[in-house]
Structure formats: C-alpha cells, structure tokens
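Fold and contact review
The lines below spell out each chain.
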Amino acid sequence: MSTHALTRTTDINAAFQIGDVYGRKQALILSVVLMGASTLCIGCLPTYASMGLLATILLAGMRLMQGLSVGGEFVGSLVFAIESAPAHHRVLAGSLCTASATFGVSLGSWTGLLLNATFSEDEMRAFGWRLPFLGGVLIGMFAFWARAQLEESPQARSSLQARDTANAQHSADAEGAMDAVGPATMPMYACMHACLHT
C-alpha cells in the first residue's frame, strides 16, 4: 500500500512538472513511450526458472515503471483535454477521459477472460500470459503516432512562450549587469547571480 501511494504521488508530481516545463504534448508522448517500453519488456522477460530472483526484480521494476506511466498518462491527458476543449465543453472532455480510463480497465479484464477461455492453464503459464503485453506494444505505437500529430494546448503554449520571453529578458539583464560591473568583478557577480537564481 505504501509503495502504491508513493508511486501515485511521484507520478502525478512528475506529470505536472514535465507538463509545465516542456508542455503537455511532450509529457503525453513520454508517458506512452515509458508505458510501451515497460510493457514490451514484461512480455519478453525470462522466467524465474531461467533467471531466478533477477527475473522477479526485473518484473517488479517494469511494473513500477508502468505505474509511473499510467499516473502521468491519466493526469496529463485529463489536463490536455480540458485545456484544449472549448470553454463550454471542458466538463465533457474531462468526463470522457475518465470514462476512457475505465473502459481500458474493462478491456484488460475482458482480454484476460478471453485468454483463459482460449488456452489451457499450462498454455497460459507457458506463453499465454505474454500475449497481452506483446499486443499492447501495437497500441502503444499507435498512441505514439497519434500524439506526435497533436498541437500543444493553448494554455500550455502561452505559458511556454511567456517563460521563454522571461528567460530571454533575464539573460539580457544579466549580461547588461556584468558589463556594468566591469571585467574584474565578473566572476564574483556571476557566482552571486547563479546562487540567487537557482
């Protein structure tokens, strides 16, 4: 339970940080890349019989990566959809994101039921359990392609432009101040400037 809570807190905070610094689109692309990579690795993992404890550690690590990805995925897509929707459709956009997440969980459950009905217990242990993870890579590739075509949300685009403008002005002011104090004191001023603005 504590690991689950820590993972959820970390992934939500990371999603907001990445989305604020690099944009919502980049955060969504990163989340689907991490999810696709970890899902593929799980589908290709060697068994405990061949690698022992290392296989278990790798599986736990990939599952943690999936948890981080899905938290950022949900928060990032929700914020992106609400920011990109017209003002009178934002509630609908947010509710559709929540509904789609629930649909994804249901789809996973139905996939498990289908596999159990198709394969025997021995076949599921041998290779059947890997099929959803390997098949999920195709969904991840489509999601990556679809998100690469997206345009940044208006709010995030405005925020990034304002930040770039502020950074440019900040750099210009710093250069002007260094020119004013003279070359002899430039190293000291540069050190003080870095300490005050980190």
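In this report, the structure presented in the accompanying data block is examined. (Residues numbered from 1 in each chain as written. Predicted model: local features only at pLDDT ≥ 70, side-chain atom pairs only at ≥ 80, totals over all residues. Heavy atoms only, no water.)

A few words now on the environment of Ala55. Looking at where Ala55 falls in the secondary structure, it is placed in helix α4 (residues 53-84). In this structure Ala55 comes out as buried when scored by relative accessible area, which is 7%. Between the C-alpha atom of Ala55 and that of Leu45, which follows or precedes it by 10 residues, the distance is 7.0 Å. (Helix = DSSP H or I, 4+ residues; strand = E, 2+ residues; numbered from the N terminus. Buried < 20%, exposed > 50% of the residue type's maximum accessible area, 1.4 Å probe, protein only.)

The relative placement of two packed helices is expressed as an angle between their axes plus a distance between the axes. Running from amino to carboxyl end, α4 crosses helix α5 (residues 90-118) at an angle of 155°, the nearest separation of the two axes being 8 Å. Taken together, the axis directions place α4 and α5 in an arrangement best described as roughly antiparallel. Every pair of crossing elements has a handedness; the one defined by α4 and α5 is right-handed. Counting all contacts with α4, which are made through Phe74, Ser77, Leu78, Ala81 and Ile82, the residues of α5 involved are Arg90, Ala93, Gly94, Cys97, Thr98 and Ala101. (Axes fitted to C-alpha atoms, helices over the stretch in contact; angles between N-to-C directions. Parallel < 35°, antiparallel > 145°, perpendicular 65-115°, else oblique. Left-handed = near helix turned anticlockwise from the far one by under 90°. Contact = heavy atoms within 4.5 Å.)

What follows is about the pattern of salt bridges. All chains considered together, the criterion is met by two salt bridges. Put simply, Arg24 and Glu83 hold a salt bridge, and the shortest N to O gap is 3.0 Å. Placement of Arg24 in helix α2 (residues 24-44) and of Glu83 in helix α4 is noted, with a sequence separation of 59 residues between them. Comparing Arg24 with Glu83 shows no difference in burial state: the two are buried. One salt bridge connects Glu121 with Arg125, and the closest N-O pair in it is separated by 3.4 Å. Placement of the pair is Glu121 and Arg125 together in helix α6 (residues 121-126), with a separation of four residues, close to one helical turn. A relative accessible area of 55% means that Glu121 is categorised as exposed. (Salt bridge = Lys/Arg side-chain N within 4 Å of Asp/Glu carboxyl O.)

Moving on, we get to the state of the cysteines. Scanning the model with the defined rule gives zero disulfides in all. Unpaired in this structure, Cys44 has its nearest cysteine sulfur neighbour in Cys41, at a distance of 7.1 Å. Take Cys44: its relative accessible area is 53%, and that puts it in the exposed class. (Disulfide = S-S within 2.5 Å.)

A word on α5. For α5, spanning 29 residues, the distance from its first C-alpha to its last is 42 Å, which sits close to the expected 42 Å at 1.5 Å a residue. If you check which residues of α5 are buried, you get Ala93, Gly94, Cys97 and Leu115. (Expected span 1.5 Å × (residues − 1).)

Time to look at the side chain of Glu83. Glu83 gets classed as buried once you look at its relative accessible area, which sits at 14%. Here the side chain of Glu83 touches Arg24 through a polar contact of 3.0 Å, side chain to side chain. (Polar contact = N/O pair within 3.5 Å; in protein donor to acceptor, adjacent residues only side chain to side chain.)

Secondary-structure assignment places Ser31 in helix α2. Under the relative-accessibility criterion, Ser31 is labelled buried at 6%. Within the local environment of Ser31, its side chain forms a polar contact with the backbone oxygen of Leu28, the two atoms lying 2.8 Å apart. Excluding residues that lie within four positions of it along the chain, Ser31 makes contacts with Ser69, Gly72, Glu73 and Arg147.

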